[in-house]
Structure formats: structure tokens, C-alpha cells
Amino acid sequence: MVLGLKAQNDRWDLRRCVEYGFKNNINVRQAEIQAQSSEVNFNQSTLQRIPSLSYGVTHGFSFGRTLDRTTNVYTDRSAMFQQMNISSNVLLFNFNRLKNVQASGGFTYEADKLNVERIKNDIGLNIAQLYLRALLSYEQIEIARIVFEQTKAQYRNTRKLVDAGSLPELNAAELEATVARDSATYVQATSQAELDKLSLKSLLNLPADQAFELVIPTVDKIPVENILTIRPDDIYETALKTQPQIKVNDLRLQASEKNFEAVKAQMKPSLSMFGQLASNFNQFLKMSAGVQVTGEQATGAYAKTPTGLLPVYAPTYAFNFSKRNFGQYFDGYGKQLRDQFGQGVGLSLNIPLFNGGTARANADRAKLDIKRSELNIDRDKLQLKQDVYTAFYSATGAHQTYLAREKALATAMRSFELATKRFDVGVMQTIEWLTNQNNLTRAKVDKVVAQYEYIFRMKVLEFYKGQGIKL
């Protein structure tokens, strides 16, 4: 049965609600982002074990007195220069630090992926609970509507008898007041159903004004497996193997242990090998245009002749330069790179001696993380057993309550049928008939509430038994 004449895409059954919640609930999406972040960290830790490789190039212009990078001689000429290098570094030995970092990242990634499933399970249970609550609200609407219609019909019949003088006016007045109360109950039930539906839409992260009509299955046809004959210990053992939270804790413990090993390795020596290729290029912005003798100057030296000492003079020169055009800036580029090409290779040993206690503190924190993970395992196992036993006894109690409510409803229906016959022939007061009607209504509501409570408790028990969530 579907309430309302809405388009097909406005109809929501439990499966659609759960699937939509898995994709759009904020908590689920945040957990998925955390899993993606863990995947990035894991991939990075994997790549850290690969040798590093980098290429660098520096290009610029120098003015005034500067170093000629091809001759290592200072000059006053402006120049364009370029330096480039390729370097690589590989870690040879570090007591398996990177290996353990990678393993820890892998366990964390798997734990975060499973944590998404854990949150989905929690969301699925909450969706199922709100879905069943909404179904219960609609059942209560139907009960309130039927009672309201019955009361109105009874009032109309009584009104006729009062007008004919067969019954006193008090009978009609009492029924009229009951009609008003039943009308208010019907309106209140309708309002509560809308509120329950709004809560479900909020959990699904749906806009409050979006069209949303529930597919209402027949409550008696909702499948409920009779698993109350199974011992709660057996259900708990199954839950230990199927519940994601237990697996998440185990993985986080393994991640903590590997992280502790990686942190301890930071306090030990590491050996790396490095290699480098480098070259330089230097080009003056002005090129030589020839040399011109401009005069002569005394050198301070003398030549000995028969007539005496004669001073020695040397010529003076002027260097002429002309600007290079842009196409000449890279003349000889390849030759300079070949001539200046250099290589280097070596080993690097790093021995940590003192770093302010940082490494030791990191190791102590990593050890505490292991203890914290172990306590989380113990806590969640205890909580899981508590939840399983609570679900089992709640389901057992709900089942017994439902059976008792069925019997109470059968008795109330029989009592109301007899009361109605006596009322119709005028041998029962209106107030007595209304009391029987109220008892019947309450019995119907109690039976429906107990039935939905029983269904939900059994679905929780089925969930812990590893059967999923289904209606």
C-alpha cells in the first residue's frame, strides 16, 4: 500500500532509504573521505621506498663584479648564466623503518575502509528504526480514522433516536464530545506521522520540502525469522566474526604495532646512497670586438746599455665590446655544458645522537597507542556482548508482549461487540459503550505498537546474526 498518489520516484521503501542513506548521510561521507585520506597516505608511504630523483635548473643574469661560473674567476662583465643538476638518493638500510611505515599505513587504510561499513551499519539500523516508527505512525493514523468514522456513525444514529424521543439528549451530547476528541486524536496522529517522516528525511540528508512518500508493507507480511531459540552466546560468536567494528579494532592494533617498529627505527643509524649530475653555462652579454693599442706606459724596468740605464716601456691596449643580439646569447651552449659536465656519487651515514628526546617520546607515544588499541578491542568486545544480550532479551520480551497484546485485543473486540449489541437495544448507557470503545482502541494501538517493537527488536537480532537489514 502506498500513501498518496505521488509519482513513482517519490515512493520510498526501506531498501531505497538505506541505499540512499549510505550514499548521502553526512557521517558516511565523512568516513569515506577519511578512508580516501588514508589511501593517499598509504600510497605515499609506498612511493617513499622508491629512490628519489630531482632535476633543478637556475637561470639568471649577473651585473657588476661577479663569478664566472665556467672559470671560477671573478670579473666585472655582465653575463647570463645557467646551472642545472640531476640528483638521486636511495635509502639502503634503516632497520625496516619505511617498510613498517608502509605496513602501518596499509592497516590504517583497511581499517578506515571497514569503518565506513561500520558507520553504514549504524546508519542502516537507525534508518530501519525510523522507517518502522513512521510505519507505526501511519498504522495509528488508520486506527484513529476508523475509530473516528465509527464514532461519527454512532453519533448520527443516536442523534436520530434522540430526535425521535427514544433516547435522552445526554446520550447524543456524550457522543458529540467523543467525536470531537476522536477528531483531535486523528489530527494528532497525522501530525506525528509527518514529524516521524521528517526525522527520517533528516537522517537521509534529504531537504525537508522534498516529496517523500513511504511504501507501506503489510505489517503481518514483514518477514521475521524465529531466531529466539538460538543462544545469545552463539549470536555473539557470529557477531565477532561479522561486525566491522571488531575487525576495525584488530587492524588498528596491527597498524599501531607496525608504527611502533617504524618509530623505534628512527633512533637507529641509516645508510643512504646519493648520486648527482651537474653542468654550467655562462655567457657575457657583450662580446669582444678586437684590441686596439692606445699608447705606452713605463713598466718600471730598465735596460742596461753602454751609455747607461734606459727605461722600458710597454704598449697599452683598449678592449672593444659589442652587444650580442638575442640569437647569440646561447652561442656555444652545448659545448659549455659538455665541458662543465660533472658527476658525483657517494654514501651518507646518519647516526642520531641527540634530538631533544623527540625520538624517544615518539616511541613512548607509539607504545601507548598499542595499549590504547588493545583496550579498544576489549571495550568493544564487551560492548558487543552487552548489545547482543540486550537485543536478545529485548526481542524475547517484545515477542511475549506482542502475544499478550494480541490476546488483549481479541478480548477487547469481543467485549466491544457485546457492548454494541446491548447499546443498540438501549440496555447500556452511552458512557459504558464509550468505555468499551476506548478499551478497544487502546488495545488496537497497544497491539500495533507491540508488533512493530517486536519486528524492530528481531531485525536488530538478525543484524547481529549477520543477516543484514531487510523488511
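Keep in mind that this is a model prediction, so the values were computed, not measured.

(A) Structural context of a nonpolar patch on the surface. Taken together, the side chains of Leu53, Tyr55, Val57, Ile86, Leu277 and Phe341 define a hydrophobic patch exposed on the protein surface, amounting to about 610 Å² of accessible area. With three residues, strand 2 (residues 52-62) is the largest single contributor of residues to the nonpolar patch. By relative accessible area, which is 47% here, Val57 ends up partly exposed.

(B) Seen up close, the confidence of the model for the protein. Per-chain confidence: the protein averages 88 in pLDDT, with 97% of residues scoring 70 or above. Looking at the elements of the protein, mean pLDDT is at its lowest for strand 3 (residues 66-68), recorded as 76, and at its highest for helix 6 (residues 244-265), recorded as 95. Low pLDDT, under 50, characterises residues 1-8; the predicted model gives this stretch 13 contacts beyond four residues in sequence or across chains.

(C) Examining the sheet that holds strand 5 (residues 79-93) more closely. Strand order across the open sheet formed by four strands is 2-5-7-10, with antiparallel pairing between neighbours. Strand pairing shows two members of the sheet lacking a second neighbour, strand 2 and strand 10 (342-350), which therefore form its edges. If you compare each strand with its neighbour and ignore which way they point, the axes differ by 20 degrees on average. Relative to strand 10, strand 7 (residues 270-284) is paired through nine bridges, and the arrangement is antiparallel.

(D) Region of the structure containing the pattern of salt bridges. For the structure on display, the rule yields 20 salt bridges. In this structure, Arg145 engages Glu142 in a salt bridge whose closest nitrogen and oxygen atoms are separated by 2.7 Å. With a gap of three residues between them, Arg145 and Glu142 both fall in helix 3 (residues 97-163), about one helical turn apart. Relative accessible area serves as the criterion here: at 31%, Arg145 is assigned to the partly exposed category. Here Glu142 falls in the partly exposed class, since its relative accessible area comes to 36%. The shortest N-O distance in the salt bridge between Asp446 and Arg405 comes to 3.8 Å. One end of the pair, Asp446, is in helix 9 (residues 430-464); the other, Arg405, is in helix 8 (residues 358-424), with 41 residues separating them in the sequence. By relative accessible area, Asp446 is classed as partly exposed at 25%. Salt bridges sharing common partners tie together Arg159, Asp163 and Glu169.

What counts, and at which threshold
The numbering scheme is per chain: residues are counted from 1 as the chain's sequence reads. At least 70 in pLDDT is required for a residue's local features to be given in this predicted model, at least 80 for side-chain atom pairs to be given and counted, and no such filter applies to totals for whole chains, interfaces and linings, which use all residues. Think of the side-chain values as coming from all heavy atoms in the structure, minus any hydrogens and water. Patch membership is restricted to residues that have no salt bridge and whose relative accessible area is over 30%. Joining uses 9 Å for like charges and 5 Å for the nonpolar side chains Val, Leu, Ile, Met, Phe, Trp and Tyr. Residue-level accessible areas treat just the shown protein chains as cover; the underlying method is Shrake-Rupley with a 1.4 Å probe. By salt bridge we mean one thing: a side-chain nitrogen of Lys or Arg within 4 Å of a carboxyl oxygen of Asp or Glu. Only DSSP runs of H or I reaching four residues or more are called helices, and only runs of E reaching two or more are called strands; each is numbered from the N terminus. Classification of residues uses two cut-offs on accessible area relative to the type maximum, computed with a 1.4 Å probe and protein chains only: under 20% is buried, over 50% is exposed, and between them is partly exposed. Confidence scores per residue from the predictor, reported as pLDDT, run from 0 to 100. Contact criterion: two residues are considered in contact whenever any of their non-hydrogen atoms come within 4.5 Å of each other. Two strands pair if DSSP finds at least two bridges between them. All axes here are fitted lines through C-alpha atoms, helices being fitted over the stretch that makes contact, and every angle between N-to-C directions spans 0 to 180 degrees.

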